[in-house]
Amino acid sequence: MGGSIFIVQCAPCHGLQADGIDGKAANLNVRLEEKTVKHVINNGQGMLGFPAPMPDRNGLMNVNTNALITDAEIDAVAKYVAGGMKGTEGADVFAGTCAACHGADGKGMEMVAPSIAEFNPTLVADVLKHGKKGAIGAMPAFNNLTEAQVKALGAYVTDLSK
Ligand code: HEC
Ligand code: HEC
């Protein structure tokens, strides 16, 4: 069911392979693209319905260095997150700056911050409910879907990036 709704409602922007059609929409085969991570760190974000938004770079302190996040740290941590949180480069920045809200494993914390390590049905439902605006472009909210359709799409998108 998720796949057939996707073809009709989502593929016009995301593509039949969900690869984002050359940058027109988010590539859903990966959790996050590097430019998206950088954009969110630089500008903050608050559209997915969490009680408090993510602060922009002027509010992001690295507790390891006791200073605001630097350009070099943003580069390193954006690569780390977009690369699936593997390797050591950027891992210290993540632990010192991001883990407090997103969790040590990046899988998010209920009522605090979403998973940035993988898609899950809750995150997909939040995006469908609120829409999404960011480095890539704008996605409208989809408030005409039934609960069962949202669930099916959540499962479909979660499987794509595995
Ligand atoms: C104070 C808590 C907090 C900290 C610290 C924080 N975030 Fe977030 N982050 C959030 C919240 C809350 C959201 C969801 C915002 C929304 O509602 O749109 C978010 C969203 C994101 C998103 C967008 C996810 C998506 O798919 O929309 C990315 C990427 C992200 N954070 C990366 C990071 C990185 C990398 C760091 C460390 C440099 C970091 N965050 C630090 C709270 C935080
Ligand atoms: C009008 C074009 C359009 C349509 C239709 C559309 N999307 Fe999107 N979607 C986007 C864009 C653009 C983004 C990236 C927003 C950004 O972060 O810049 C996005 C982002 C997303 C994200 C978040 C990706 C991330 O990294 O956090 C998810 C999940 C998603 N779309 C799922 C869907 C699903 C499921 C459907 C079908 C019900 C759909 N989209 C339909 C344009 C669209």
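What counts as what
Residues numbered from 1 in each chain as written. Chains lettered and ligands numbered in written order. Predicted model: local features only at pLDDT ≥ 70, side-chain atom pairs only at ≥ 80, totals over all residues. Heavy atoms only, no water. Phe/Tyr/Trp six-rings, centres within 6.5 Å; stacked < 30°, edge-to-face > 60°. Helix = DSSP H or I, 4+ residues; strand = E, 2+ residues; numbered from the N terminus. Buried < 20%, exposed > 50% of the residue type's maximum accessible area, 1.4 Å probe, protein only. Core = buried A, V, L, I, M, F, W, Y, C linked by side-chain atoms within 4.5 Å. Expected span 1.5 Å × (residues − 1). Contact = heavy atoms within 4.5 Å. Donors = N, O, S within 2.8 Å, 3.2 Å for Na, K, Ca; no water. Tetrahedral: all angles 85-135°; square planar, octahedral: opposite > 155°, others 65-115°. Polar contact = N/O pair within 3.5 Å; in protein donor to acceptor, adjacent residues only side chain to side chain. Domains from an automatic or database assignment. Buried area = accessible area lost by both parts, 1.4 Å probe. Salt bridge = Lys/Arg side-chain N within 4 Å of Asp/Glu carboxyl O.

### Examining the packing of aromatic side chains
Next, step 1: Under the defined criterion, the tally for this structure stands at two aromatic pairs.
Next, step 2: Ring geometry for Phe6 against Tyr156: centres 5.3 Å apart, planes inclined by 45°, an arrangement best described as tilted. Placement of Phe6 in helix H1 (residues 2–14) and of Tyr156 in helix H6 (residues 147–160) is noted, with a sequence separation of 150 residues between them.
Next, step 3: Classification of Phe6 as buried rests on a relative accessible area of 2%.

### Remarks on the nonpolar core
Next, step 1: In this structure, Phe6, Leu28, Phe119, Leu128, Leu145 and Leu153 are the most contacted members of the largest nonpolar core, which totals 18 residues.
Next, step 2: When contributions to this core are tallied by element, the ones reaching two or more residues are H1, helix H5 (121–130) and H6.
Next, step 3: Judged by nonpolar contacts, the second largest core, of 16 residues, contains Ile69, Val77, Ala99 and Ile116.

### Comments concerning H6
Next, step 1: Under the 1.5 Å per step criterion, the end-to-end length of H6 is 20 Å for 14 residues, consistent within 8% with the ideal 20 Å.
Next, step 2: Where H6 is concerned, the buried positions are Val150, Ala152, Leu153, Gly154, Val157 and Thr158.
Next, step 3: Elements in contact with the buried residues of H6: H1 and H5.

### Structural notes on the coordination of the iron atom of ligand 1
Next, step 1: The iron atom of ligand 1 binds to the protein through Met54 (SD) and His102 (NE2); the donor distances cover 2.0 to 2.1 Å.
Next, step 2: Coordination at the iron atom of ligand 1 comes from six donor atoms whose angles at the metal span 88 to 179°, giving a geometry best classed as octahedral. Of this pair, Met54 sits in the loop between helix H2 (34–43) and strand S1 (61–62) while His102 is found in helix H4 (residues 91–102), placing the two residues 48 residues apart along the sequence.

### Points about the side chain of Thr158
Next, step 1: By the secondary structure assignment, Thr158 is in helix H6.
Next, step 2: From its side chain, Thr158 meets the backbone oxygen of Gly154 in a polar contact 2.6 Å long.

### Describing the domain arrangement of the protein
Next, step 1: Here the protein is described as being made up of domain 1 (1–31 + 118–162) and domain 2 (33–117).
Next, step 2: When each unit is reduced to the centre of its C-alpha atoms, the spacing between domain 1 and domain 2 is 22 Å.
Next, step 3: Every contact between the two is made by 17 residues of domain 1 and, on the other side, 14 residues of domain 2.
Next, step 4: Buried surface at the junction of domain 1 and domain 2, both sides included, amounts to about 1300 Å², of which 58% is carbon and sulfur.
Next, step 5: Taken as a group, Arg31, Glu118 and Ala135 account for 36% of the area that domain 1 buries against domain 2, more than any other trio of residues on that side.
Next, step 6: On inspection of domain 1 and its partner domain 2, the count reaches zero salt bridges.
Next, step 7: At the junction of domain 1 and domain 2, the tally comes to five residue pairs in polar contact (both at pLDDT 80 or more).
Next, step 8: Residue assignment for the side of domain 1 that touches domain 2 shows that the elements contributing at least two residues are H5 and strand S3 (132–133).

### Section: the pattern of salt bridges
Next, step 1: Scanning the model with the defined rule gives two salt bridges in all.
Next, step 2: Here Asp71 and Arg57 are joined by a salt bridge, their closest N and O atoms 2.8 Å apart. Of this pair, Asp71 sits in helix H3 (residues 71–82) while Arg57 sits in the loop between H2 and S1, and the two are 14 residues apart along the sequence.
Next, step 3: Given a relative accessible area of 23%, Arg57 falls into the partly exposed group.

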